[in-house]
Amino acid sequence: MATLLPSSRPTAAPGQSDARILDRGYRRYEGERRGVEGSVRSLIVHSLQRAFGLRRTVWAKVLPILSVAIAYIPAIVFVGLVALFGTRRITTADLPTYGQYYSYIVSAIVVFVAFVAPEVLCTDRRTGMLGIYLSSPLSRDTYLLSKASAIAIALATVCLGPPLVMLIAFVLQSNGPSGFGDLMLTLGRILLAGICITAFFTSLSIAIASLTNRKAIASASVILLVLASGAVTNALVDGAGANQALFLFNVFLVPFDLARRIHGEHSRLLPDVATGAVWASWAAWTIAGAAVARFRYQHLEVVK
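Calculation notes
Residues numbered from 1 in each chain as written. Predicted model: local features only at pLDDT ≥ 70, side-chain atom pairs only at ≥ 80, totals over all residues. Heavy atoms only, no water. Salt bridge = Lys/Arg side-chain N within 4 Å of Asp/Glu carboxyl O. Helix = DSSP H or I, 4+ residues; strand = E, 2+ residues; numbered from the N terminus. Buried < 20%, exposed > 50% of the residue type's maximum accessible area, 1.4 Å probe, protein only. Phe/Tyr/Trp six-rings, centres within 6.5 Å; stacked < 30°, edge-to-face > 60°. Axes fitted to C-alpha atoms, helices over the stretch in contact; angles between N-to-C directions. Parallel < 35°, antiparallel > 145°, perpendicular 65-115°, else oblique. Left-handed = near helix turned anticlockwise from the far one by under 90°. Contact = heavy atoms within 4.5 Å. Nonpolar A, V, L, I, M, F, W, Y, C, P; charged D, E, K, R; others polar.

(A) A look at the pattern of salt bridges. The full count for this structure, using the stated rule, is five salt bridges. The closest approach of N and O atoms between Arg50 and Glu119, which form a salt bridge, is 3.0 Å. Here Glu119 lies in helix H3 (residues 102-127) and Arg50 lies in helix H1 (residues 35-51), a separation of 69 residues in the sequence. The class of Arg50 is partly exposed, set by a relative accessible area of 21%. For Lys147, the salt bridge goes to Asp124, with nearest N and O atoms at 2.8 Å.

What follows is the structure, given as structure tokens:
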């Protein structure tokens, strides 16, 4: 930190400017040095703030807050119906299962996915902040890992949070799983399904966001990939009578169908496809997205 010390100089004569020459001195930084771990934590926190529009204009907060609200509203409504009318009038047949719940909030998840990664990744490259980050203890891998962690945490609020809200509320109303073992099994399935969906879309979104520094193009590309993969596979399977295994290339379907299977529910769109094949498709998409993002950042020219 620079320390400014005034030099000895006579007072300026009347009518002349009172200019001073200052000597600059430097002293060693004596604060805590947190190293790579501290840099990673700071970058994750900063990226989360940017993802949710914190410390930014009101307009930057509208889309993330709206997406999160849409994801939680169905859970709040279902819990409210049970609390208001009781289990005599609202039975389990009237409520969605934990696997089916994602069909109510899939649009909110896709919009949030299309928004978060471009906002977190593209901005750094466009403004030149990436070079500043890489001049710190962060390497390209730790930088990308920090960003991916922040994106995953943000996505978990819409992929993992709502089913947990339903479980907690139903347990408090004595309408949840029966017995401690059943409760732990349901909780484990909710966590696994939410983590799988979060990891899938995190990997997919960072791969696309790594290919461009324009947020609008990256967001549009995420939505286009989701819609196009669904339209093409539906046309081939339903229209041309192709094998149902082609649905494994549908990025709109794979993670949510996997969530149903994790909860032990019947698959409506892929009844003839083995669960192992669905797991393999999920893993292939997730690993491929992460590999594309890492390859891109390892070969990205950065001016420090």
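(B) Structural view of the packing of aromatic side chains. Throughout the structure, instances matching the rule amount to 10 aromatic pairs. A ring pair is formed by Phe78 and Tyr104, whose centres lie 5.4 Å apart and whose planes are at 80°; its orientation type is edge-to-face. Taken together, the residues span a long stretch of sequence, with Phe78 in helix H2 (residues 58-89) and Tyr104 in helix H3 at a distance of 26 residues. With relative accessibility at 45%, the residue Tyr104 sits in the partly exposed group. Taking 6.3 Å as the distance between ring centres and 65° as the angle between the ring planes, the aromatic pair formed by Phe252 and Phe256 counts as edge-to-face. Overall, the relative accessible area of 34% leaves Phe252 in the partly exposed class.

(C) Focus on the packing of helix H6 (residues 161-172) against helix H7 (residues 180-209). Two elements in contact, H6 and H7, have axes separated by 10 Å at closest approach and are oriented at 165°. If you check the angle between H6 and H7, you find them roughly antiparallel. For the pair H6 and H7, the sense of crossing is left-handed. Of the residues in H7, those touching H6 at Pro163, Leu164, Leu167 and Val171 are Leu183, Thr186, Leu187, Ile190 and Leu191. Across the contact of H6 with H7, the residue classes break down as eight nonpolar, one polar and no charged.

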